[in-house]
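Topology and contacts: notes
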Amino acid sequence: MTVAPLVTVTDLRVGYVRRRRTVPAVRGVDLSVARGEIVALVGESGSGKSTIANTLIGLLPDNARVTGGSVTLDLAAGSGDPATGSGDPADDVDQPGGPDQPDDRIARTGQAVELVGARERTLRGLRGRVISLVPQDPMVGLNPTRRIGAQVAEGIRLRGVTGDRVGAEVLEFLAQAGIDDPELRARQYPHELSGGLRQRVLIAIALAGRPRLIIADEPTSALDVTVQRRILDHLEGLVRDSGISLLIITHDLAVAADRSDRVIVLQNGEIVEQGSPRNILVNPARDYTRRLIAAAPGLANGGRIVPRLVLPPEQVSTPDPVIRLEGLSKRYPLPGRQSGSFLALDDVSLEVARGRTHALVGESGSGKTTALRLALGLEKATSGRVLLDGVDITELGWRQTRPLRRRIQLVHQNPFASLDPRFTIGRSITEPLVSFGIGDRRTRRARAAELLDQVALPASYLDRLPAELSGGQRQRVAIARALAPEPELVLLDEPVSALDVSVQEQILALLRELQERLGLSYLFISHDLSVVAQVSHTVTVLNRGRAVESGAVAEVFGSPRSDYTRELIEAIPGQRSAALSAGMGGPAGAYGSAAGAAGAAAGTKARSGVPVDV
């Protein structure tokens, strides 16, 4: 029996008006989402994924134009399901009329609704009650000035629920989203929650209207792999149990393949391929799909971690590291009137060898960034020492440590926030040179052009603003800025977590090339073990401020001694799909020719100690 589509998109065409021209973003897309189906839209930034999602929910920006096509919402397709809210007496409560009030009667008629060209009142009557959105960034999606409970209650009141029932349902939906102690969380503000809890709050808000379709726009892209797995497991379970439809927007084909019934691959606003995850992975029809598979470490190697670099045991430790952390601990006082303190880092020791990369991995709150800030001298350790080239810099003052900053530079996590939007690229890159009094205007400009060339960007970008660059290009600029004062050690704080998987691979390849050419040392912070395996020689695994395991990447990831390390490895996306594809006769680690070549190259050449390009 064929399930009727809840949403049908026919020949959709959307563009954005820029300088009096309409630039196409979506070009003739046809797709459908059936009741209870999980569909994944996959593609790089700019492929049109979010534009399609915003068209469905009627939230396109002012400069967007739907130039053709149709988006039909068939409300009869979900009728009678408990998830829709039908049968609830509160659903029969009429909202006040008026042009600014949502027309919620449409949600109860069971008729088909054309969303393209629909009035705002019509769309507002559907948002939350019929279609809900889980946005990508919980810090943007949540109001920082309102308590969690009040924000969840908004969706509940859209269904006409009043009085004490609102508070009871707030706790119910918070619990459904997998949030512990919902009574406490409802009274808290967003900044008091971790990233994973904030994402669960967004899911609770999406569930509060009892919708028929949830659109999840990159719901876990900035989360740790273990938190990501828990969030996706919970969201998938809710969808399967309630019959809600789910449209996942993601750049990570591994996430899409693990979680969806059907994968739709987008490139430049067009659908290039679609089908079941098994068919897409085992026999991709397009080169673009093969590139996405090869760029997803969890898929390219059949869900296994294949380190690029394998160090012999006798080379793991070095007598002359560029930086060494010895028994570092850091305590923070608890906020407010609470007595006591919080131990963020507990007796952690590590070293970074010259010309090598040492990785710090762990979940949010494990102490990675605290260790980085102590290494950089931005905070004072409670106990322990930091030695730079054998010199103890732990107790040095600001004036004494400032000259050392030339030798240690930092690349931040978010390329969209780390560059001043008012500065040209040239000014951002030369800022460290000005700060340290290096060169004059002419030599600084020449140095900036040289640095752009090193990170594979044209010199013409010197006069551009960050807003004119893509995420990957901005991160290249951030790397160029860090290299400006010619440091010995570069600290990389989640440098690729905010980027598409294909752009991630380009940035990681650039970091390997620069290290080989300039002899740089890296302290690389990440929650993604598959990324660490591509660039790192050695690794330390942190859990709640303690180092639970340390050594060569191949040894730690190949034969983990800690249960926590094994949990991190098991959470890497793509392993479920690897098992399913192997059951179809597809060789593990050989999804399509491009991915197969990547896995083979990594497997046969990693022991040479030289990075293998994918």
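Above: the structure in question.
These notes cover the structure that comes with them.

Calculation notes
- Residues numbered from 1 in each chain as written.
- Predicted model: local features only at pLDDT ≥ 70, side-chain atom pairs only at ≥ 80, totals over all residues.
- Heavy atoms only, no water.
- Axes fitted to C-alpha atoms, helices over the stretch in contact; angles between N-to-C directions.
- Helix = DSSP H or I, 4+ residues; strand = E, 2+ residues; numbered from the N terminus.
- Parallel < 35°, antiparallel > 145°, perpendicular 65-115°, else oblique.
- Left-handed = near helix turned anticlockwise from the far one by under 90°.
- Contact = heavy atoms within 4.5 Å.
- Nonpolar A, V, L, I, M, F, W, Y, C, P; charged D, E, K, R; others polar.
- Phe/Tyr/Trp six-rings, centres within 6.5 Å; stacked < 30°, edge-to-face > 60°.
- Lys NZ or Arg CZ within 6 Å of the ring centre and 35° of its normal.
- Buried < 20%, exposed > 50% of the residue type's maximum accessible area, 1.4 Å probe, protein only.
- Polar contact = N/O pair within 3.5 Å; in protein donor to acceptor, adjacent residues only side chain to side chain.
- Lys, Arg positive; Asp, Glu negative; His and termini not counted.
- Salt bridge = Lys/Arg side-chain N within 4 Å of Asp/Glu carboxyl O.
- Pairing = 2+ DSSP bridges.
- Expected span 1.5 Å × (residues − 1).
- Core = buried A, V, L, I, M, F, W, Y, C linked by side-chain atoms within 4.5 Å.
- Arc of directions from axis to C-beta.

**A word on the packing of helix H8 (residues 195–208) against helix H9 (residues 225–242)**
As a packed pair, H8 and H9 sit with axes 10 Å apart at the nearest point and diverge in direction by 15 degrees. The orientation of H8 relative to H9 falls into the category roughly parallel. In this structure, H8 crosses over H9, and the sense of that crossing is right-handed. Residue-level inspection shows Gly-196, Gln-199, Arg-200, Ile-203 and Leu-207 of H8 in contact with H9, the latter providing Val-227, Arg-230, Ile-231, His-234, Leu-235 and Leu-238. The residue inventory of the contact of H8 with H9, partitioned by class, reads six nonpolar, three polar and two charged.

**Remarks on the environment of Gly-365**
Tracing the backbone through its elements, the reader meets Gly-365 in the loop between strand S13 (357–361) and helix H14 (368–376). Sequence separation between Gly-365 and Leu-542 is 177 residues, and the spatial gap between their C-alpha atoms is 9.4 Å.

**Some words on the packing of aromatic side chains**
Across all of its chains, the model carries zero aromatic pairs by this definition. Lying over the aromatic face of Tyr-332, Lys-330 brings its terminal NZ or CZ to 5.2 Å of the ring centre. The residue whose ring lies beneath Arg-402 is Phe-436, and the NZ or CZ to ring-centre distance is 4.9 Å.

**Brief notes about the packing of helix H6 (residues 164–176) against H8**
In the contact formed by H6 and H8, the axes pass within 8 Å of each other and the chain directions differ by 125 degrees. One finds that H6 runs oblique with respect to H8. Read as a crossing pair, H6 and H8 show a hand that is right-handed. In this structure, H6 uses Phe-173, Leu-174 and Gln-176 to contact H8, whose residues at the interface are Ala-204, Leu-207 and Ala-208. Its residues placed into classes, the contact of H6 with H8 shows five nonpolar, one polar and no charged.

**As for the environment of Arg-324**
With respect to the helices and strands, Arg-324 occurs in strand S11 (residues 323–333). Using a relative accessible area of 25% as the deciding quantity, one classes Arg-324 as partly exposed. Taking the C-alpha atoms as reference points, Arg-324 and Val-352, 28 residues apart in sequence, are found 6.6 Å from one another. Beyond its immediate sequence surroundings of up to four residues, Arg-324 is in contact with Thr-318, Pro-319, Leu-350, Glu-351, Arg-385, Val-386 and Leu-387. A polar atom in the side chain of Arg-324 sits 3.2 Å from the side chain of Glu-351.

**What about the side chain of Lys-368?**
Relative to the helices and strands, Lys-368 resides in helix H14. Despite its burial, Lys-368 remains without a salt bridge, the nearest opposite charge being carried by Glu-494 at 4.4 Å. Residue contacts for Lys-368: discarding those within four places in its chain leaves Leu-360, Val-361, Gly-362, Glu-363, Glu-494, Ile-525, Ser-526 and Leu-542.

**Let's talk about the sheet that holds strand S12 (residues 341–352)**
Across a sheet, paired strands are connected by hydrogen bonds in the backbone, their directions being either parallel or antiparallel. Reading across from one edge, S12-S11-S14-S15 is the order of the four strands in this open sheet, with antiparallel pairing throughout. The open sheet has two edge strands, S12 and strand S15 (391–392), and neither has a second partner. Pairing of strand S14 (residues 383–388) with S15 involves two bridges; the strand directions are antiparallel. Paired with Leu-388 across the two strands is Val-391, which belongs to S15. Where H14 meets the sheet, it contacts S11, S12 and S14, and its direction lies at approximately 115 degrees from that of S11.

**A short note on H9**
An α-helical turn contains 3.6 residues, so any two residues separated by three or four positions project in the same direction. For H9, with 18 residues, the first-to-last C-alpha span of 26 Å sits near the 26 Å given by 1.5 Å per residue. Taken together, the buried positions of H9 are Val-225, Thr-226, Val-227, Gln-228, Ile-231, Leu-232, Leu-235, Glu-236, Leu-238 and Val-239. Remark: Gly-243 follows H9 within two positions and exhibits a positive phi of approximately 80 degrees.

**Comments concerning unusual backbone geometry**
With a phi angle near 55 degrees, Asp-347 is a residue other than glycine that sits in the positive phi range. By the element assignment, Asp-347 lies in strand S12. One non-glycine residue, Arg-544, lies in the positive phi region at around 55 degrees. Assignment of secondary structure puts Arg-544 in the loop between strand S19 (538–543) and strand S20 (546–552). For Arg-544, a relative accessible area of 74% corresponds to the exposed category.

**A short note on the nonpolar core**
Grouped together as the largest cluster of nonpolar side chains are 52 residues, with contacts concentrated most on Ile-479, Phe-524 and Phe-557. With residues up to four places along the chain from it excluded, the contact list for Phe-524 reads Thr-357, His-358, Ala-359, Leu-360, Leu-492, Pro-495, Leu-508, Leu-511, Val-531, Val-532, Val-535 and Ser-536. Core analysis: the next-biggest nonpolar cluster, separate from the first, contains 51 residues, Ile-179, Leu-207, Leu-238 and Ile-280 among them.

**Topic: the pattern of salt bridges**
Following the criterion strictly, the structure yields 31 salt bridges and no others. A salt bridge links Asp-287 to Arg-290; its shortest N-O distance comes to 2.7 Å. Within this pair, Asp-287 and its partner Arg-290 are both found in helix H12 (residues 287–295), separated by three residues, close to a single helical turn. For Asp-287, a relative accessible area of 52% corresponds to the exposed category. The salt bridge involving Asp-346 is made with Arg-546; its shortest N-O contact spans 2.6 Å. Here Asp-346, found in strand S12, pairs with Arg-546, found in strand S20; they are 200 residues apart in sequence, far enough to count as distant. Accessibility expressed as a relative area gives 44% for Arg-546, which makes it partly exposed.

**A short note on the sheet that holds strand S2 (residues 21–34)**
Read across the open sheet, the four strands follow the order S2-S1-S4-S5; overall the sheet is antiparallel. Among the strands making up the open sheet, the edge pair consists of S2 and strand S5 (112–114). The average angle at which neighbouring strand axes cross in this sheet is 10 degrees, direction not considered. In this sheet, S2 lies alongside strand S1 (residues 5–18) in antiparallel orientation, the contact comprising eleven bridges. What sits directly across from Tyr-16, in S2, is Val-23. Helix H1 (residues 49–57) contacts S1, S2 and strand S4 (64–74) of the sheet and is inclined by roughly 115 degrees relative to S1.

**Examining the environment of Thr-424**
With respect to the secondary-structure elements, Thr-424 resides in the loop between strand S16 (408–411) and helix H16 (425–435). For Thr-424, a relative accessible area of 28% corresponds to the partly exposed category. Dropping the residues within four chain positions of it, Thr-424 is found in contact with Leu-462, Asp-463, Arg-464 and Leu-465.

**Things to note about helix H22 (residues 563–570)**
Looking only at H22, the buried set comprises Tyr-564, Thr-565, Leu-568 and Ile-569. The arc enclosing the buried residues of H22, seen along the axis, measures out at 140 degrees, which places them on a common side. Relative to its buried face, H22 has exposed residues pointing more than 90 degrees away, namely Asp-563 and Glu-570. Where H22 begins, the capping side chain belongs to Ser-562, and its oxygen is found 3.1 Å from the backbone nitrogen of Tyr-564.

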